[in-house]
Amino acid sequence: MSIILILIPLIAAFAIMAGVGRAKSVATLAAAANLLLGLGVVFCWKAPIWDISFEVLSKPSIHLALGFYDGMSLVMVILSVLVLFTAVMSGRCPEGRERLWYSSILLIGAGGLGAFLSTDLFFFYAFHELALIPTFLMIGILGSGERKEAAWKITIYLALGSIILLAGLVWLVSASGSETWLFKDLLASSISADAQSGIAAFLIVGFGILISLFPFHSWAAPAYASAPAPVAMLHAGVLKKFGLYGLMRLYPMVSTGMQDWLGWLIVLLLCNILWVGFVTINQKRLDMMLGNSSVMHMGYIFLAFAALIEAGSFEANPIAKPAAVVLMFAHGISIALLFMLTDTIRRKTGTVELAELGGLAKAAPRLAFLFGLAGMASIGLPGLANFSGEVLVFLSGFENYKGEALGCVQVATILALWGVVISAVYMLRAYRQTFQGPAVDHTDSGHVKDFGPYCQIPAGILAIALLVVGIFPNSLLQFMEEPETAPTEIEQASN
Amino acid sequence: MESIPWLILGLPLLTAAVIHLGLKKNQSLSALVSTCSAAVTLALTLVIVSKGSDLTGSFNWASIAGFNIEIGYEFSQMARGMMLVVTGVGFLVHLFSLAYMKEDSALARYFCGLSLFMFSMTGIVLATNFIMMFMFWELVGLSSYLLIGHWYQKDSAADAAKKAFLTNRIGDFGFMIGILMLWGITGSFTFSELATGLAGHPDHSVFFLGIAILCIFAGAMGKSAQAPLHVWLPDAMEGPTPVSALIHAATMVAAGVYMMARLFLALTPEGADLATLIPAFTGTTIAWIGAITSLLAALMATQQDDIKKILAYSTLSQLGYMVMAVGLLDPEAGMFHLFTHAWFKALLFLGSGAVIFACHHEQDIWKMGGLRKTMPITFGAFAIGTIALCGVPGTAGFFSKEHILESAAHSGQWVLFGIAALVACLTTFYMFRLFFVAFLGDARSENADHAKEVGLLMSAPLILLAIMAILSGWEFMGGKIAPLYKPFEFHPDAPAFIASVSAVVIGFLIAWKLYGSTKEDPLENKGVFKHFRNKFYIDEFYAKLVGYGQDTVAAFVHFFDELIINGLIVGGFSRAAGGFGRIFGRLQSGNLQGYAVLFGLGVLLVIYLTVFVS
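Since the structure is predicted, the reported quantities are computational estimates derived from the model, not experimental observations. (Residues numbered from 1 in each chain as written. Chains lettered and ligands numbered in written order. Predicted model: local features only at pLDDT ≥ 70, side-chain atom pairs only at ≥ 80, totals over all residues.)

Draft legend 1. Seen up close, the overall build of chain A. In terms of regular secondary structure, chain A is built from 22 helices and two strands. Rg of the C-alpha trace for chain A: 22 Å, near the compact-globule value of 23 Å for 495 residues, within the 12% margin. Taking the principal axes of the C-alpha coordinates as reference, chain A spans close to 70 × 60 × 45 Å. Put simply, 80% of the contacts in chain A that link residues at least 6 apart link residues at least 24 apart. (Helix = DSSP H or I, 4+ residues; strand = E, 2+ residues; numbered from the N terminus. Rg over C-alpha atoms; globule rule 2.2 N^0.38 Å. Contact = placed C-beta atoms within 7 Å.)

Draft legend 2. The arrangement of the overall build of chain B in detail. Summing up its helical and strand segments, chain B has 26 helices and two strands in all. Relative to its length of 614 residues, chain B is compact, with a C-alpha radius of gyration of 28 Å against a globular reference of 25 Å. With the C-alpha coordinates aligned to their principal axes, the bounding extent of chain B is approximately 95 × 60 × 55 Å. Considering only intrachain contacts with a sequence separation of at least 6, the fraction spanning at least 24 residues in chain B is 81%.

Draft legend 3. Geometry of helix α23 (residues 495–515) of chain B. Taking 1.5 Å of rise per residue, 21 residues should cover 30 Å, and α23(B) covers 29 Å from first to last C-alpha, within 8% of that figure. Buried residues along α23(B) sit against α17 (376–390), α18 (396–411) and α19 (414–439) of chain B. (Expected span 1.5 Å × (residues − 1).)

Draft legend 4. Fine view of the nonpolar core. Ranked by internal contacts, the top residues of the largest apolar core, which has 447 residues, are B:V257, B:A346 and B:A420. Setting aside chain neighbours within four positions, we find B:V257 in contact with B:A220, B:S224, B:L319, B:M322, B:V323, B:V326, B:G334, B:M335 and B:L338. (Core = buried A, V, L, I, M, F, W, Y, C linked by C-beta atoms within 7 Å. Buried ≥ 20, exposed ≤ 12 C-beta atoms within 10 Å, placed from the backbone.)

Draft legend 5. Main features of unusual backbone geometry. Following A:F214, the chain continues to A:P215 via a peptide bond in cis, the omega torsion being 0 degrees. Along the polypeptide, A:P215 turns up in the loop between α8 (193–210) and α9 (220–226). In the segment running from B:A227 into B:P228, the intervening peptide bond is cis, with an omega of 5 degrees. For B:P228, the position within the fold is in the loop between α8 (206–223) and α9 (232–235). For B:H360, which is not glycine, the phi torsion reads 55 degrees and is therefore positive. Owing to 12 C-beta atoms within 10 Å, B:H360 belongs among the exposed residues under this scheme. Unlike most non-glycine residues, B:H361 shows phi in positive territory, near 60 degrees. Looking at B:H361, the number of C-beta atoms within 10 Å reads 9, which means it is exposed.

Draft legend 6. Fine view of helix α18 (residues 385–398) of chain A. The end-to-end C-alpha distance of α18(A) is 21 Å, a good match for the 20 Å that 14 residues give at a rise of 1.5 Å each. Counted residue by residue, α18(A) has 14 buried out of 14 residues, so it is predominantly covered.

Draft legend 7. The arrangement of the packing of helix α14 (residues 286–311) of chain A against helix α19 (residues 408–435) of chain A in detail. All names here are of chain A. Interaxial distance between α14 and α19 falls to 11 Å at its minimum, and their mutual angle equals 160 degrees. In terms of orientation, α14 lies roughly antiparallel with respect to α19. The way α14 lies across α19 gives a crossing that is left-handed. Here α14 contributes L286, M289, S293, M296, G299, Y300, L303, A306, A307 and E310 to the contact with α19, which in turn contributes V409, A412, T413, A416, G419, S423, Y426, A430 and T434. Tallied by class, residues from the contact of α14 with α19 come to 12 nonpolar, six polar and one charged. (Axes fitted to C-alpha atoms, helices over the stretch in contact; angles between N-to-C directions. Parallel < 35°, antiparallel > 145°, perpendicular 65-115°, else oblique. Left-handed = near helix turned anticlockwise from the far one by under 90°. Nonpolar A, V, L, I, M, F, W, Y, C, P; charged D, E, K, R; others polar.)

Draft legend 8. Summary view of the confidence of the model for chain B. Residue and element names in this part refer to chain B. Scored by pLDDT, chain B has a mean of 89; 92% of the residues are at 70 or more. Here residues 577–596 scores under 50 on pLDDT; set against residues more than four positions off or in separate chains, the count is 21 contacts. Scored below 50 in pLDDT, residues 610–614 shows eight contacts in the model against residues more than four places distant or in partner chains. This prediction of the complex comes with two scores: 0.92 for pTM and 0.93 for ipTM. (pLDDT = per-residue confidence, 0-100.)

Draft legend 9. Region of interest: the interface of chain B and chain A. The interface of chain B with chain A comprises 64 residues on the first partner and 63 residues on the second. For the side of chain B that touches chain A, the elements supplying multiple residues, two or more each, are β1 (55–64), α5 (130–148), α6 (155–186), α25 (538–586) and α26 (590–613) of chain B. A per-element tally of the side of chain B that touches chain A places α25(B) first, with 16 residues. For the side of chain B that touches chain A, the per-class residue count stands at 43 nonpolar, 16 polar and five charged.

Draft legend 10. Just the pairing of strand β1 (residues 52–57) of chain A, in detail. Residue and element names in this part refer to chain A. The pairing of β1 with strand β2 (residues 62–66) spans five bridges and is classified as antiparallel. Considered in β2, the bridge of L57 is made with I62. Between β1 and β2, which pair antiparallel one after the other, the connecting turn spans four residues. (Pairing = 2+ DSSP bridges.)

Draft legend 11. Molecular detail of the packing of helix α11 (residues 241–250) of chain A against helix α15 (residues 320–349) of chain A. Residue and element names in this part refer to chain A. Contact pair α11 / α15: the axes reach a minimum separation of 11 Å and the direction vectors enclose 170 degrees. Viewed along their axes, α11 and α15 adopt a mutual orientation that is roughly antiparallel. On α15, the residues that touch K241, L244 and M248 of α11 are K321, A324, M328 and G332. Looking at the contact of α11 with α15 residue by residue, the classes come out as four nonpolar, one polar and two charged.

Draft legend 12. The arrangement of the environment of A:A195 in detail. The topology assignment puts A:A195 in helix α8. In this structure, the C-alpha to C-alpha distance between A:A195 and A:G257, residues 62 residues apart in sequence, is 7.7 Å.

Draft legend 13. Layout of the pairing of β1(B). Residues and elements named next belong to chain B. Sheet topology note: the β1/strand β2 (residues 67–75) ladder contains nine bridges and is antiparallel. Counted as the bridge partner of S58 is G72 from β2. What sits between the antiparallel neighbours β1 and β2 is a turn of two residues, in which A65 has the positive phi angle 40 degrees.

Draft legend 14. The arrangement of the confidence of the model for chain A in detail. Averaged over all residues, the pLDDT of chain A equals 90, while 96% of them reach at least 70. The low-confidence segment residues 485–495 of chain A (pLDDT under 50) makes zero contacts with residues lying over four places distant or belonging to another chain.

Draft legend 15. Just the environment of B:I365, in detail. Residues and elements named next belong to chain B. Inspection of the secondary structure puts I365 in the loop between α15 (331–358) and α16 (371–374). Residues I365 and F91 lie 274 residues apart in sequence; the distance between their C-alpha atoms is 28 Å. Once you skip the residues sitting within four places of it in the chain, I365 turns out to touch D305, I307, L434, V437 and A438.

Rendered as structure tokens:
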């Protein structure tokens, strides 16, 4: 049944390409239906009705298998439907390009949903590739600024990342001796320690490039700055989580091998946080700043992953995975909202150069409020989703600290905490420069209009999501209870 | 009864939300709703204080596999006294603001911020564990940011707000590390479990416990503006004056002291001595940071001309006093001074607000003068606040200051005792300088000449606070409602008593001699006083540090990022791409190998053809 979540945007995308109906209406309708379905699923996601599986290739055995593998899939699906709907609603399509615009957005959404719903490793990979193609096209054709350069760069990087990843995945499957590519078969098998180390390296680099792990991060900021807003929202908000999701999903298979790379991973993630953090401080444009900040925040999710690797298993550090998932969700929502609002600023004032902006809060108080909320969320203000994730990540870093000398993960956590200061520096500077101070004449008429009611709906949805998860992190954490009890329940039921 | 604390916590948040979402258009209704909400929380707090029983309650905020983080409340004696300060001063400041801010065009936003602050501060006071405290800690930071930046169109206000937030973030960096370490050592965040947790892990490293406590103290240094993180507080005076009274004098800035007192009491099991549990360097470091802050701020205060800046430096100095008491492992003395200080410092700030209001937003004391005649109520209230702050015997400030001097003497740290006595002397000096110049003599400007006594909405809070400034230190009152009270014992030959009385007398006489009747500052720009006026150039130093340090590093890193990562590595990748073909050759499953290469190349080809050839 879960295939419906993919089919709705997919069919709508093809319908739009074929010219059925008004592109915008079809897309909005499809995304809205998907949003309702995605949120409705929350109440019954454990029901077996959602799982489907049929073999599409027998040797090697590949299944089109979909369903909610665990709570992590569910949280990612919720994230995807939220961002997809708000991206469809908030974007402003250039005149005459509606069909390309809306079908691409829907395809990206369908690809992301497919990846998170796949319970087969091959389709998990393939759906992500499907989503990348329209992403590249949109940046290259409808982007702004240095769009061709940015598109070319992201294409090379991500294609390369994908190939390395695929090599790793193929190696993983062949080394595991599993007969199928299904997650459940793969995770039930085991890999020799020698092979694990090499596979782990391929996974870290392959997924790492897709997640903009240092030093493979330089594609991200220019791509997001050039991309049309909905594409930036969907890629930074949803697609980039694919890599982190994949690492968490496959981790048990290579838990020993990952430990060989722990030191390297810690260095790289700290570079993500501190090095890229400084790069972010030095940005002169709002969109570049946000793009870099998004790279920086990936470091925190990697930190949870590093804590997990050090502990050796999900059970040895039960906080790490939920922490990463909450932060992935929170980051996805907050960065999507920030990109959406930055696009609004660009439309209303004609610029995103920080030096040319100023005093917008007076003319556009609602915009200022929402941007402030999203910005505060992204720098980890309690009460908003990102804090819930970040504090859990930090706790996961100290989960196995017992009051002795600090271990490497604890030292990494402490250094990463300085990133909280860095993000406050660049975010408050940008907010100060954009919204506060004396008003600047941005338009010829010298008057900037505030957010209209139509724009408030998608922004409001994302803001509410940030508040709900910030105030009640259990709203997401309840899905993260490991399903160890589930089999016994079934057994009891059958008895 | 159990639901009342939830109401005290939740009502201000609800008020803030209602004002933001629904009442933005109706300025005066917003003000009224917010003030009523403050009145209700004060009434509810009084109900709980009068019952005098301890209350607790909680719910799970985040739970993972048997691990829970709770949001809850703990109405212990300490929390009751502190809540009385928060809601009491809070309500009076709301009342005062009704008159003070009535001309403001963003009244609704102002009161929304005040209600948000009341919510956050209540959360700190009632917190049952460190994570909850940290959350509300950051939220008071947010409300402080919003209220300092209330007039955000002024560059100075927007900059001050940002500075306050960032400086606090630096403190919170340490705070979070401390919380994490303490969690590792005791296995708990919950205050009520810290002592047992510590006893339950007897093999923990005492050294790391000391480091953890100092890291937590870094949070207190940010919030309570201890040197070298003190720079934000004087700048925070850019906010409206009632905000300065509530947040930057009486409550939020004292939260650091409250938090440290909670920590120290929580770590000490019944009947045990804290000094045996924590390493000696912890307390010494804290006490010295407090003493240095106290002295530096008092010196800076002697040469300020802005009435609010003088009070701000005085607040810094008094906070240093409290921190010193905490560092001397006498949190009771620190908390008692916090309690009395809240009333008289709020009084002084609101008094200065009344003066500023009457003088048409003139803040320079040299352009005031003669207010004794035109504003008799404000004059009287301000006089009471001044003597209470100086610690004239009989006032609340005397009792609490006495305890701090006593604990310094008791610990045998005579250098600290000397600093404390010197600060007491300086306090009297700069407060009477302010008092003589602003209130006595003749009016020195048009604005001061036309000053009129303020209306009842503003004078009533002054009168009530003046009463508290005297009585809150006496046993019949402070003994019942202070968060932690120590009875005063009169020993005319104790060093503390001699020092505090002579400090007041000497400070007063010097102030009288220099400023009793003068039209300009005789010390201005003379010798060492120039450095006091320029705040020892610490702000300039930080501006350089940020400018040359952080921003240069950022520019440098950015440059390298572009050059190396972007240039060399991307170039390297395209060279490396050829090598990957060989890696694929070694992989086993034949079918997929071709598939993979095709997939990757296909993507590239499609993009290339569509985007670049068209």
